[in-house]
Amino acid sequence: MSGSARIEVVDDLETGAGEAFLALPKVVYAADACWAPASEALVAERVADAAAGRIALHAVVATVHGQPVARAAGILEPAVFGPDGRPEGWIGLVECLPDPDARAAGVAVLAECRLWLPGQGAGRVVGPRVDGLVAGLLVDGFDQPQVVLTTHNPPAYPALWHAAGAVTVTSMVSYRFSRERVPHFPTRTVPGIRVRAADPADLPAEVGRVHTFQAEVFRGGAAHLPRTPEATARLVRRLLPLLDPELVLLAEDRAGEVVGILVCLPDAWQPRATGRSPDRARLVSIGVRAGWRRTGVALAMGAELADRLLARGYQQLEGSWVLRDNRAPQLLAGALQARPSRRFELLAW
């Protein structure tokens, strides 16, 4: 392929530019069995958020002779602020063909988004990040399957981002548990603590408990997206088609106060035959209130999750994300028979 690229803004997914934006991943991943086509649902979700005024979105696609070769989207979430106190801009949904013309176009669409974001008030620009849950550039483990609400990309993408001027600011690793290496949990119960599954019949109250807990426990975390109660409820509605309430665990003390929460999702993105349930899962989040840490609450929730996954026939569980310089959870994962699976980076300008 040769020729200069034309960059178009995607205002509507049903226009020519929108169709080109949507068509590109099928070409990029035509021979990649690890890619999950269901991940493309994120495009429509972000476009819907922009139409509702919840985010600012600048999606662009580069074409050569009418064929899509690269794409990217600038995203501004009003609730997210960088270290300088200004809104933090994101770049996500990046795809690029491997030939030299496409690589130049890939750098150009990244630059287009990076230059658009400061005009929306952004200070630091970070990527790849699509929303509050999906982030990271895959830099190792390209032969491992993409699981629900995680990213995947070809091995050439790190060089593409660096060519666009981005530098690595965060490194993260995921761990994979397998039925072949069932973990042994040294702590299965904690005196005064009950571990239970979420109650779908009491959904509004459960959502409120989750919102209050996460706002307190994860406040200030690098990946935490501050949410209003309404935004949390909207997120739960979005995740309902993916959720199995039996895999969302709450640890409560004798007074009924939530002291720990674990969220695990069946891998709804796993390609499988019609009517078959996924046999992979992803541990999305686990947290314990400050006063209960190092008491075995997290291990008790983990033991309960392991029992439930084994009883339901799951074969693998991917736990993510763990910061690469956070040694304690990595040592714990190793002690529980988990193995490093994939490594991701966040980059910034």
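The text that follows walks through the structure, step by step, so that each part is easy to find.

Calculation criteria
Residues numbered from 1 in each chain as written. Predicted model: local features only at pLDDT ≥ 70, side-chain atom pairs only at ≥ 80, totals over all residues. Heavy atoms only, no water. Helix = DSSP H or I, 4+ residues; strand = E, 2+ residues; numbered from the N terminus. Rg over C-alpha atoms; globule rule 2.2 N^0.38 Å. Contact = heavy atoms within 4.5 Å. Areas by Shrake-Rupley, 256 points an atom, 1.4 Å probe, with all protein chains shown as cover. Lys, Arg positive; Asp, Glu negative; His and termini not counted. Charge placed at Lys NZ, Arg CZ, Asp CG, Glu CD. Core = buried A, V, L, I, M, F, W, Y, C linked by side-chain atoms within 4.5 Å. Buried < 20%, exposed > 50% of the residue type's maximum accessible area, 1.4 Å probe, protein only. Arc of directions from axis to C-beta. Expected span 1.5 Å × (residues − 1). Polar contact = N/O pair within 3.5 Å; in protein donor to acceptor, adjacent residues only side chain to side chain. Salt bridge = Lys/Arg side-chain N within 4 Å of Asp/Glu carboxyl O.

Right, let's talk about the overall build of the protein for a bit. Counting its secondary structure elements, the protein contains eight helices and 13 strands. Here the protein has a C-alpha radius of gyration of 21 Å; the compact-globule value for 349 residues is 20 Å, and the two agree. Structurally, the protein occupies a C-alpha span of about 70 × 40 × 40 Å along its principal axes. Taking the intrachain contacts of the protein between residues at least 6 apart in sequence as the baseline, contacts between residues at least 24 apart amount to 74%. With an accessible surface of roughly 15900 Å², the protein has 54% of that area assigned to carbon and sulfur atoms. For the protein, the distance from the average site of its 37 positive side-chain charges to the average site of its 37 negative ones is 6 Å.

Moving on: the nonpolar core. Val 69, Ala 70, Ile 91, Val 94, Leu 110, Leu 117 and Trp 161 are the most contacted members of the largest nonpolar core, which has 32 residues in total. No other element matches the seven residues that helix 3 (residues 100-119) contributes to this core.

The subject of this paragraph is helix 6 (residues 229-239). Every buried residue belonging to helix 6 is among Ala 231, Thr 232, Leu 235, Val 236 and Leu 239, and all of these are buried. Taken down its axis, helix 6 places every buried residue within 140 degrees of arc, on the same side. Exposed residues pointing more than 90 degrees away from the buried face of helix 6 are listed as Glu 230 and Arg 237. Those residues of helix 6 that are buried lie in contact with helix 5 (203-217).

Attention now goes to the environment of Asp 49. Structurally, Asp 49 can be placed in helix 2 (residues 41-51). A relative accessible area of 15% means that Asp 49 is categorised as buried. Separated by 28 residues in sequence, Asp 49 and Glu 77 place their C-alpha atoms 10.0 Å apart. Ignoring any residue separated from it by four or fewer positions in sequence, one finds Asp 49 in contact with Arg 54 and Ile 55.

Turning our eyes to something else, we now look at helix 5. Look at helix 5: 21 Å from first C-alpha to last across 15 residues, which is about the 21 Å you get at 1.5 Å a residue. At its buried positions, helix 5 is contacted by strand 8 (194-197), helix 6, strand 9 (248-252), strand 10 (258-266) and strand 11 (280-288).

Across the junction of Gly 127 and Pro 128, the peptide omega takes the value -10 degrees, indicating a cis bond. Of note in the backbone geometry, Arg 294 takes a positive phi value of approximately 65 degrees without being a glycine. A residue is classified by how much of its surface remains accessible, and Arg 294, at 88% relative accessible area, is exposed.

This next bit is on the side chain of Glu 77. Inspection of the secondary structure assignment puts Glu 77 in strand 3 (residues 67-81). Using a relative accessible area of 10% as the deciding quantity, one classes Glu 77 as buried. A polar atom in the side chain of Glu 77 sits 2.8 Å from the side chain of Arg 46.

Here the focus is the side chain of His 152. Mapping His 152 onto the fold places it in the loop between strand 6 (137-140) and helix 4 (157-163). Engagement of the side chain of His 152 in a polar contact is seen with the side chain of Asp 32, the distance being 2.8 Å. Leave out the neighbours within four places in its chain, and His 152 touches Tyr 29, Asp 32, Cys 34, Trp 35, Leu 138, Phe 142, Gln 144 and Gln 146.

Using the criterion set out here, one finds 24 salt bridges in the structure. In this structure, Arg 54 engages Asp 49 in a salt bridge whose closest nitrogen and oxygen atoms are separated by 2.9 Å. Where Glu 88 meets Arg 124, a salt bridge forms, and the shortest distance between an N and an O atom there is 2.9 Å. One end of the pair, Glu 88, is in strand 4 (residues 87-96); the other, Arg 124, is in the loop between helix 3 and strand 5 (125-127), with 36 residues separating them in the sequence. Judged by its relative accessible area of 29%, Arg 124 falls in the partly exposed class. Ionic contacts of the salt-bridge type, sharing partners, join the residues Arg 194, Arg 196, Asp 202, Glu 206, Arg 209 and Glu 252 into one network.

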